[in-house]
Amino acid sequence: MGEGLARRQEFSTRVAIGAGRGRILRQLLIESGILGFLGAVLGIGLSYAGTAALAGAAPLTSRIHDIGVDVPVLLFSVGTGVLVGMVFGLAPGLRLSNRPFHLPGNRVRGVAVDRKTAANVIISAEVAGTVLLLVMGALFLRTVDRLFDVDLGFDPEDIVSMRVAVKDGRSYPEIVSVYERVLERLRETPGVSHASASWHAPFLFVPRMTFPVEREGSPPPESQAEPRVFFEVAMPGYFETMGIHLLEGRTLTTEDRDGTPGVVLMGETTARALWPGRSAVGRRIRLSFDEGWYTVVGVFADLRYQGMRGEAISPVFGSRLQNPAIYGIRLNLVVKTTQDPLGMVGPLRDIVHSVDSHVLIQESRILTRVISESVVDDRYRALLLGSF
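Quick notes on the rules
- Going along each chain's sequence as written, the residues are numbered from 1 onward.
- Local features in this predicted model are restricted to residues of pLDDT 70 or higher, and side-chain atom pairs are both shown and tallied only at a pLDDT of 80 or more, whereas totals for entire chains, interfaces and linings draw on every residue.
- With hydrogens and water set aside, each side-chain value is computed from the structure's full complement of heavy atoms.
- Two rings from Phe, Tyr or Trp (for Trp, the six-membered ring) form a pair when their centres sit within 6.5 Å of each other. Planes less than 30 degrees apart are called stacked, planes more than 60 degrees apart edge-to-face, and all others tilted.
- Only buried residues count toward a nonpolar core. Its members are Ala, Val, Leu, Ile, Met, Phe, Trp, Tyr and Cys residues joined through side-chain atoms within 4.5 Å.
- The cut-offs for exposure are 20% and 50% of the maximum accessible area for each residue type, with area from a 1.4 Å probe on protein chains only; residues under the lower value are buried, those over the upper are exposed, and the others partly exposed.
- We count a stretch as a helix when DSSP gives it H or I for four or more residues in a row; a strand needs E for two or more, and each element gets its number in order from the N terminus.
- Every residue pair with non-hydrogen atoms within 4.5 Å of one another is taken to be in contact.
- Surface patches are drawn from residues lacking salt bridges whose relative accessible area is over 30%; two like charges belong together within 9 Å, two nonpolar side chains (Val, Leu, Ile, Met, Phe, Trp, Tyr) within 5 Å.
- Accessibility throughout is a Shrake-Rupley quantity obtained with a 1.4 Å probe, and a residue counts as covered only by protein chains that appear here.
- Whenever Lys or Arg places a side-chain nitrogen within 4 Å of a carboxyl oxygen from Asp or Glu, that contact is recorded as a salt bridge.
- Multiplying 1.5 Å by the residue count of a helix minus one yields the expected span of that helix.
- This arc corresponds to the set of directions leading from the helix axis out to the C-beta atoms.
- Think of it this way: DSSP has to see at least two bridges between two strands before they count as a pair.
- Only the stretch in contact is used when fitting a helix axis, every axis being a line fitted to C-alpha atoms; angles between N-to-C directions are given from 0 to 180 degrees.
- Oblique is the label for any angle not covered by the other classes, which are roughly parallel (under 35 degrees), roughly antiparallel (over 145) and roughly perpendicular (65 to 115).
- Helix crossings fall into two classes, left-handed where the near helix is turned counterclockwise from the far one by less than a right angle and right-handed where it is turned clockwise.
- When residues are sorted by character, Ala, Val, Leu, Ile, Met, Phe, Trp, Tyr, Cys and Pro go into the nonpolar class, Asp, Glu, Lys and Arg into the charged class, and all the rest, Gly among them, into the polar class.
- Pairs of N or O atoms are called polar contacts if they sit within 3.5 Å, as long as, within protein, a hydrogen donor faces a hydrogen acceptor (for residues adjacent in sequence, only side-chain-to-side-chain pairs).

Undergrad: Teacher, can you tell me more about the packing of aromatic side chains here?
TA: By convention here, two paired aromatic rings are described through the distance between centres and the angle between planes. As enumerated under the stated definition, the model contains six aromatic pairs in all. One aromatic cluster is present, built from ring pairs that chain together Tyr238, Phe239, Phe300 and Phe317.

This is the structure in structure tokens:
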């Protein structure tokens, strides 16, 4: 548009020597159409190159590799680009065709005013759009940066996670014995500082089942609406292995097994909800799946098991050694290493099979990689915004 207004004197001269207004408009239409087409072609090339570059830099496990150039959207963009180019190219000509042309020697103040006004409008729109993009990009980058500073409630560094199962028809006590022997061997392994197990695993297998809970001294819940808690089971040493922040009391030990009084630990939010303003340690609860009472022996910080952006959960942990076999034959082993966890995966799998060849290892993951992969899409959105 600015170029069209700058050429107003050129158009006036051409009209003066006999050029028709229709011919000038056709010229503008052809010029703007070619420029719009060339811009669209350049945009197509950049879209394919940018998509390939972004996918090439992403981890293999990222969903970014599924991204491609959508043909209908591409055609729409090309058509829009050409149309916009033609409209903006024709606008000066249409505007000039509705006003008398002036010869070069007769300069009119309105020409300069028109050019200045149009330029100011265009520049203001561009600056406004740029500022809007900058603000949106800055806010998103700030959100992503804060995402990595979220307190997970545990320490995922140097932890190998292995999903295992015993599937040869053994009894519950026999399965528990197998897992105890596996953990004992893992703890004796050079390069391992801690080893334990739980049913669910952070960012992998998230607890979603809740149970009604009854507090000692309070009437039993009349419905399954409130209060309800996530219930999780773990082997001794789990809190030490995961680096879970213990706020009060103690953790699970080998003494918390079948035949001893039931014990649980609970998250701080659950503890505050059940006993507002009072300590939960030493109090007792009963869960809907078991008639026995469980004594609260510890309170820990809430955990972000469901992802960096997910809400923190406040589960109740019981001992796998003293709970009924409500969680079946599977467990998730967690091993804290003092060496490179990736190099420890193979030896740890061999140790598990050396204890019992019937133990099925379904999956082995490095916990920090799992967490990193959970926010990879956010990382690349930030990279894309930053590149603009």
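Still more ground to cover, so stick around.
Undergrad: Help me out: how do you make sense of the nonpolar core in this one?
TA: Counting residues in hydrophobic clusters, the biggest one holds 28 residues, and the most contacted among them are Met162, Val164, Leu186, Leu333, Leu348 and Val352. Examining the composition of this core, we find that seven residues originate from one element, helix α6 (residues 172–188), more than from any other. When near neighbours in sequence (up to four residues on either side) are disregarded, Val352 contacts Met162, Val182, Leu186, Leu333, Val359 and Ile361.

Undergrad: Would you mind going over unusual backbone geometry with me for this structure?
TA: Outside of glycine, negative phi angles account for most residues, and trans bonds account for most peptide bonds. Despite not being glycine, Asp158 has its phi angle at roughly 60 degrees, a positive value. Residue position: Asp158 is located in the loop between α5 (109–147) and β1 (159–166). For Asp158, a relative accessible area of 30% corresponds to the partly exposed category.

Undergrad: Help me understand a nonpolar patch on the surface, please; the structure alone is not making it clear to me.
TA: Residues Ile30, Ile34, Phe37, Leu38 and Val41 make up a contiguous nonpolar surface patch of roughly 490 Å² in combined accessible area. Inspection of the secondary structure puts Leu38 in helix α3 (residues 21–57).

Undergrad: Just checking my understanding: could you explain the pattern of salt bridges for this structure?
TA: For side chains bearing opposite charge, pairing can occur when the charged atoms are close. What the rule picks out here adds up to eight salt bridges. Ionic pairing is found between Arg170 and Asp356, a salt bridge with its closest N-O pair at 2.7 Å. Linking Arg170 in the loop between β1 and α6 with Asp356 in the loop between α9 (341–355) and β11 (359–366), this pair joins segments that are 186 residues apart in sequence. By relative accessible area, which is 23% here, Arg170 ends up partly exposed. Between Glu268 and Arg272 there is a salt bridge, and its shortest N-O distance comes to 3.4 Å. Here Glu268 pairs with Arg272, and both are found in helix α8 (residues 268–274), just four residues apart, close to one helical turn.

Undergrad: I keep staring at α9 and nothing clicks. Help me out?
TA: Helical geometry: 3.6 residues make up each α-helical turn, so side chains three or four residues apart lie on a common side. Under the 1.5 Å per step criterion, the end-to-end length of α9 is 21 Å for 15 residues, consistent within 8% with the ideal 21 Å. Within α9 the residues assigned to the buried category are Pro341, Met344, Val345, Leu348, Ile351, Val352 and Val355. Contacts made by the buried residues of α9 are with β1, α6, β2 (192–198), β10 (330–337) and β11.

Undergrad: Please explain helix α10 (residues 367–374) as it appears in this structure.
TA: Turning to α10, its buried residues number three or more, namely Leu367, Val370 and Ile371. Seen from one end, α10 has its buried residues packed into an arc of 95 degrees, which puts them on one side. The inward-facing, buried residues of α10 contact β1, α7 (238–242) and β11.

Undergrad: How should the pairing of β1 be read in this particular structure?
TA: Regular strands have side chains that alternate between both faces of the sheet. The element β1 is extensively covered by neighbouring structure, given that eight of its eight residues are classed as buried. Residues Ile159, Ser161, Arg163 and Ala165 point to one face of β1 and Val160, Met162, Val164 and Val166 to the other, with burial holding for every one of them. The pairing of β1 with β10 spans seven bridges and is antiparallel. Of the residues in β10, the one forming a bridge with Val160 is Val335. Two strands pair when backbone bridges link them, and β1 and β11 are joined in this way by seven bridges, in the antiparallel orientation. By the bridge assignment, Met162 is partnered in β11 with Ser364.

Undergrad: Please explain the environment of Arg320 as it appears in this structure.
TA: As for its placement among the helices and strands, Arg320 is situated in the loop between β9 (316–319) and β10. Residues Arg320 and Ala197, spaced 123 residues apart in sequence, show a C-alpha to C-alpha distance of 8.8 Å.

Undergrad: Would you mind showing me how to read the packing of α6 against α9 here?
TA: Helix packing geometry: the angle between the two helix axes and the distance between the axes. With their axes 9 Å apart at the nearest point, α6 and α9 run at an angle of 135 degrees to one another. In terms of orientation, α6 and α9 fall into the oblique class. As α6 packs across α9, the resulting crossing turns out to be right-handed. Along the contact surface, α6 presents Arg181, Val182, Arg185 and Leu186, while α9 presents Leu348, Ile351, Val352, Ser354 and Val355. When the residues that make up the contact of α6 with α9 are grouped by side-chain class, the tally is six nonpolar, one polar and two charged.

Undergrad: Any chance you could explain the environment of Arg215 here in plain terms?
TA: Among the secondary structure elements, Arg215 is positioned in strand β3 (residues 210–215). If we skip the residues at most four places from it in the chain, Arg215 touches Ala273, Leu274, Trp275, Arg284 and Trp293. There is a polar contact of 2.8 Å between the side chain of Arg215 and the backbone oxygen of Leu274.

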